[in-house]
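# Structural overview for review
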Amino acid sequence: MTSLLHRVKSKMAIFAHRKARGMLDGEYGSVFRGRSLDFDDLRAYVPGDEVRDIDWKATARHGSPLIRRYVAVRRQTVLLITDTGRNMAAEAAGGETKKDIAIMALGVIGYLAHLHGDVVGLVCGDAHKTTSLPAKSGEAHLERLLRHVHANATMDSAASRLEDQLEHVARTVKGRFLLFVVADEMVATPSLSGLLRRLRAQHEILWLTVRDADLTAEAPWFSVHDSSPLMGHLARSPRVAAAYSQAVTDRDSGRTDMLRQAGITGGSVSGSPEVITELFALLERHRRAG
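Reference entry: report on the structure contained in this document. (Residues numbered from 1 in each chain as written. Predicted model: local features only at pLDDT ≥ 70, side-chain atom pairs only at ≥ 80, totals over all residues. Heavy atoms only, no water.)

### Structural notes on the overall build of the protein
What counts, and what does not: Helix and strand definitions follow DSSP, with helices as H or I runs of at least four residues and strands as E runs of at least two, each counted in order from the N terminus. Relative accessibility thresholds used throughout: buried, under 20% of the residue-type maximum; exposed, over 50%; partly exposed, between the two (1.4 Å probe, protein chains only). Between two residues, a contact is recorded if the distance between any of their heavy atoms is within 4.5 Å. Here, Shrake-Rupley sampling with a 1.4 Å probe gives the accessible areas, and only protein chains in the shown set may cover a residue.
Each helix and strand in the protein was counted, giving nine helices and eight strands. Going through the 290 residues of the protein one by one, you find that 45% of them count as buried. Pairs at least 24 residues apart make up 76% of the contacts formed inside the protein by residues separated by at least 6 positions. About 14400 Å² of surface is accessible on the protein, with carbon and sulfur atoms providing 52% of the total.

Written out as structure tokens, the structure is:
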């Protein structure tokens, strides 16, 4: 198999000819807000210290001013999160499999992280299992992560349930990471909304949705769940097609509202040709929101 990372880098090289690659790199570097420092310990305040570094709660307990000391963060951790259930083996709106689009998106963010000296990890899975691969640096490691997604998102995989992978992150991940989530079309639910708010309280989150194929088009659609025919009458019935389109619009609006209320920057793609431009727009929106 051709290197998956090589495909990503080739796509980015094409994008670089449009003189926008540097902007994409810059936007990635601006994702993390704040001082890029981690808390180390407390010490007594001395004249000349920054007033903003005073820990007022600790000062009240101790009875004299204490300030927080920080250490510089030399590396950030980027955690790639994606669904490898059989939904990702389905066809996307642009005609490719959702898995291939997801790999391109994960590869772009992972490679940008590598260029910035950050470490990259992966959490993926389906309704039966969740796999966590630790964050490391290097192109060989990123290639392993992409190959893991490629090998596990198949028609033989269990059903998709990205909520399980997000719950795993909420339970097990300590510290403050950049979470980059590549997801199938998901319906907003109260439980998912609450889970995203929990995650957003700790992490920066970027969310990319891979859009479904348009079932109103004339095509022999089949379900990835049981190979049963999918609504072949849609294209022949304007009334049913209109109801279906409205249901899709309502689902998309609900997901958009859920992400916005959780403070998560989200976007969507139909195929891999638009991945880099959409990621650039996603990073820019996240920077402006900050």
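After presenting the structure, the write-up continues.
### Side note on the nonpolar core
Applied cut-off: Side-chain atoms within 4.5 Å are what join buried Ala, Val, Leu, Ile, Met, Phe, Trp, Tyr and Cys residues into a set we call a nonpolar core.
Ranked by size, the top nonpolar core spans 42 residues in total, and within it Val78, Leu80, Val108, Leu146, Phe180, Val275 and Leu279 carry the most contacts. Per-element tally for this core: the top contributor is helix H4 (residues 98-115), with 11 residues. Other than its neighbours up to four places away in sequence, valine 78 contacts Tyr28, Ile109, Ala113, Asp118, Val119, Val120, Gly121 and Leu178. Counting 22 residues, the second largest nonpolar core, distinct from the first, contains Val181, Leu195, Leu199 and Ile205.

### What to know about the packing of helix H7 (residues 190-200) against helix H8 (residues 238-262)
When two helices pack together, their arrangement is captured by the angle between the axes and the distance separating the axes. Definition in use: To obtain each axis, a line is fitted to C-alpha atoms, and for helices this fit is confined to the stretch in contact; angles are then taken between N-to-C directions over 0 to 180 degrees. Roughly parallel means an angle under 35 degrees; roughly antiparallel means over 145; roughly perpendicular covers 65 to 115; every other angle is labelled oblique. Rotating anticlockwise by less than a right angle from the far helix to the near helix defines a left-handed crossing, while the corresponding clockwise rotation defines a right-handed one. Amino acids are sorted into nonpolar (Ala, Val, Leu, Ile, Met, Phe, Trp, Tyr, Cys and Pro), charged (Asp, Glu, Lys and Arg) and polar (every other residue, Gly among them).
Where H7 contacts H8, the axes come no closer than 9 Å and their chain directions differ by 30 degrees. Judged by the inter-axis angle, H7 sits roughly parallel to H8. Handedness of the H7/H8 crossing: right-handed. Side by side, H7 and H8 meet where Leu192, Ser193, Leu196, Arg197 and Arg200 of the first sit next to Met258, Leu259 and Ala262 of the second. Looking at the contact of H7 with H8 residue by residue, the classes come out as five nonpolar, one polar and two charged.

### Concerning the environment of alanine 281
Its place among the elements puts alanine 281 in helix H9 (residues 275-289). With relative accessibility at 23%, the residue alanine 281 sits in the partly exposed group. Between the alpha carbons of alanine 281 and glycine 267 there is a distance of 8.3 Å; along the sequence they are 14 residues apart.

### Details of H9
Counted only if it meets this: An expected span of 1.5 Å times one less than the residue number is assigned to each helix.
Taking 1.5 Å per residue, 15 residues should reach 21 Å; H9 reaches 21 Å between its end C-alpha atoms and fits that length. Those residues of H9 lying buried are Val275, Ile276, Glu278, Leu279, Leu282, Leu283, Glu284 and His286.

### Re the pattern of salt bridges
Applicable threshold: Each reported salt bridge corresponds to a side-chain nitrogen of Lys or Arg within 4 Å of a carboxyl oxygen of Asp or Glu.
What the rule picks out here adds up to 20 salt bridges. The shortest N-O distance in the salt bridge between aspartate 257 and arginine 260 comes to 3.2 Å. Of this pair, aspartate 257 and arginine 260 both sit in helix H8, three residues apart, which is roughly one turn of the helix. Judged by relative accessible area, aspartate 257 falls into the partly exposed class, the value being 34%. The class for arginine 260 is exposed, based on a relative accessible area of 53%. Between arginine 285 and glutamate 278 there is a salt bridge, with its nearest N and O atoms 3.2 Å apart. Classification of arginine 285 as partly exposed rests on a relative accessible area of 35%. Relative accessible area serves as the criterion here: at 16%, glutamate 278 is assigned to the buried category. A cluster of three or more residues bridged by salt bridges with shared partners is formed by Lys98, Asp184, Glu185, Arg211, Asp212, Arg251, Asp252 and Arg255.

### Notes on H8
The terminal C-alpha atoms of H8, which comprises 25 residues, lie 36 Å apart, in line with the 36 Å expected from a rise of 1.5 Å per residue. Residues of H8 that are buried include every one of Ala241, Tyr244, Arg251, Asp252, Arg255, Met258, Leu259 and Ala262, and no others. Against H7, strand E7 (204-210) and strand E8 (265-269) lie the buried residues of H8. The first or second residue beyond H8 is glycine 263, which carries a positive phi of 80 degrees.

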